[in-house]
Amino acid sequence: MDYGYVRVSSREQNVDRQILSMQEIGLDLDNIVIEKQSGKDFNRPLYKELISVLKEGDVLYVKSLDRLGRNYELLLEEWRYITKDVKADIVVMDMPILDTRLYKDLLGTVISDIFLSLLSFFAENERTYIKQRQAEGIAAAKQKGVRFGRPRLVLPPDFELVGRMWLNKEITLNEASKRLKMAPSSFRLYCYNNLK
């Protein structure tokens with residue numbers, strides 16, 4: 001049986017390119033597993049389910065190695081599990097040398113394993129560089145005064161007066177929040193943070 005595994009890291013990313021590539025080689029859409037989760041490890045529910053049904057002689061297609069995973073050691077471990085323990089084949093569509101159906105002799109296996117090790121190393125390094133670039137970008141933006149998260153609520157001019165009235169139990173929470181046109185939970189939070 002032939003299976004495809006399609007993965008992107010977030011819900012916003014598009015899977016169409018990967019699916020189209022697999023359909024072009026004749027994979028049935030029913031045999032393509034699509035998952036939107038990080039590739040940092042293999043604790044992915046749909047991936048685990050797919051691997052549990054793989055058996056000897058099956059073929060697992062992935063568009064590129066980083067779609068399978070990005071952690072160097074875990075990727076090598078998973079590759080060996082699928083190809084050695086399960087005795088299924090893996091085809092990395094963007095890297096024809098990583099097609100375990102072609103290299104059944106010892107020399108082919110050694111070459112394939114070396115190439116896999118190099119690519120896995122690069123995949124993990126790319127993940128590290130992405131995190132580093134992201135952290136640098138956030139730090140640079142903060143230096144320029146960019147604020148992250150929800151915008152701060154601009155408090156109404158009479159916030160302190162109404163807040164003190166509520167804290168002194170002169171009015172109810174609902175009355176105070178209606179006067180200021182604020183959600184009761186926001187009003188309470190801002191009172192505790194700014195007026196106590």
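Before any of the text, the structure's been laid out above.
**Student:** An account of helix α6 (residues 159-167) is requested, with residue identities and associated values reported.
**Tutor:** Within the sequence span of α6, burial applies to Phe159, Val162, Gly163, Met165 and Trp166. The buried residues of α6 all sit within an arc of 160 degrees when viewed along its axis, so they share a single face. Looking at the buried positions of α6, the neighbouring elements they touch are α7 (173-180) and α8 (184-194). Two residues or fewer past α6, Lys169 is found with a positive phi of approximately 60 degrees.

**Student:** Lay out the sheet that holds strand β4 (residues 89-92) with the relevant residues and their values.
**Tutor:** With respect to topology, 4 strands assemble into an open sheet ordered β2-β1-β3-β4, the strand pairing being parallel. The open sheet has two edge strands, β2 (32-36) and β4, and neither has a second partner. Neighbour-to-neighbour, the strand axes of this sheet turn through a mean angle of 20 degrees, independent of strand direction. Set on the sheet, helix α1 (residues 16-24) makes contact with β1 (2-8), β2 and β3 (59-62); between it and β1 the angle comes to about 165 degrees.

**Student:** Describe the pattern of salt bridges, naming the residues involved and giving the relevant values.
**Tutor:** Tallied over the full model, the rule gives 5 salt bridges. Between Asp58 and Lys55 there is a salt bridge, with its nearest N and O atoms 3.7 Å apart. Overall, Lys55 belongs to the partly exposed group, its relative accessible area being 48%. Across the salt bridge formed by Glu160 and Arg164, the nearest N and O atoms sit 3.8 Å from each other.

**Student:** How would you summarise the pairing of β2 if you had to cite specific residues and measurements?
**Tutor:** Alignment of β1 against β2, held across 5 bridges, turns out to be parallel. Bridge pairing in β2 places Val6 opposite Ile34. Following the chain from β1 across α1 to the adjacent parallel β2, one finds a crossover that is right-handed.

**Student:** Outline the packing of α6 against α7, supporting the account with residue identities and numerical values.
**Tutor:** It is at 9 Å that the axes of α6 and α7 come closest, and there the two elements cross at 175 degrees. Accordingly, the angle class assigned to the pair α6 and α7 is roughly antiparallel. In this structure, α6 uses Phe159, Val162, Met165 and Trp166 to contact α7, whose residues at the interface are Leu173, Ala176, Arg179 and Leu180. Classifying every residue of the contact of α6 with α7 by side-chain character gives 7 nonpolar, no polar and 1 charged.

Conventions adopted
Residues numbered from 1 in each chain as written. Predicted model: local features only at pLDDT ≥ 70, side-chain atom pairs only at ≥ 80, totals over all residues. Heavy atoms only, no water. Buried < 20%, exposed > 50% of the residue type's maximum accessible area, 1.4 Å probe, protein only. Helix = DSSP H or I, 4+ residues; strand = E, 2+ residues; numbered from the N terminus. Arc of directions from axis to C-beta. Contact = heavy atoms within 4.5 Å. Pairing = 2+ DSSP bridges. Axes fitted to C-alpha atoms, helices over the stretch in contact; angles between N-to-C directions. Salt bridge = Lys/Arg side-chain N within 4 Å of Asp/Glu carboxyl O. Right-handed = clockwise from strand over helix to strand, strands pointing away. Parallel < 35°, antiparallel > 145°, perpendicular 65-115°, else oblique. Nonpolar A, V, L, I, M, F, W, Y, C, P; charged D, E, K, R; others polar.

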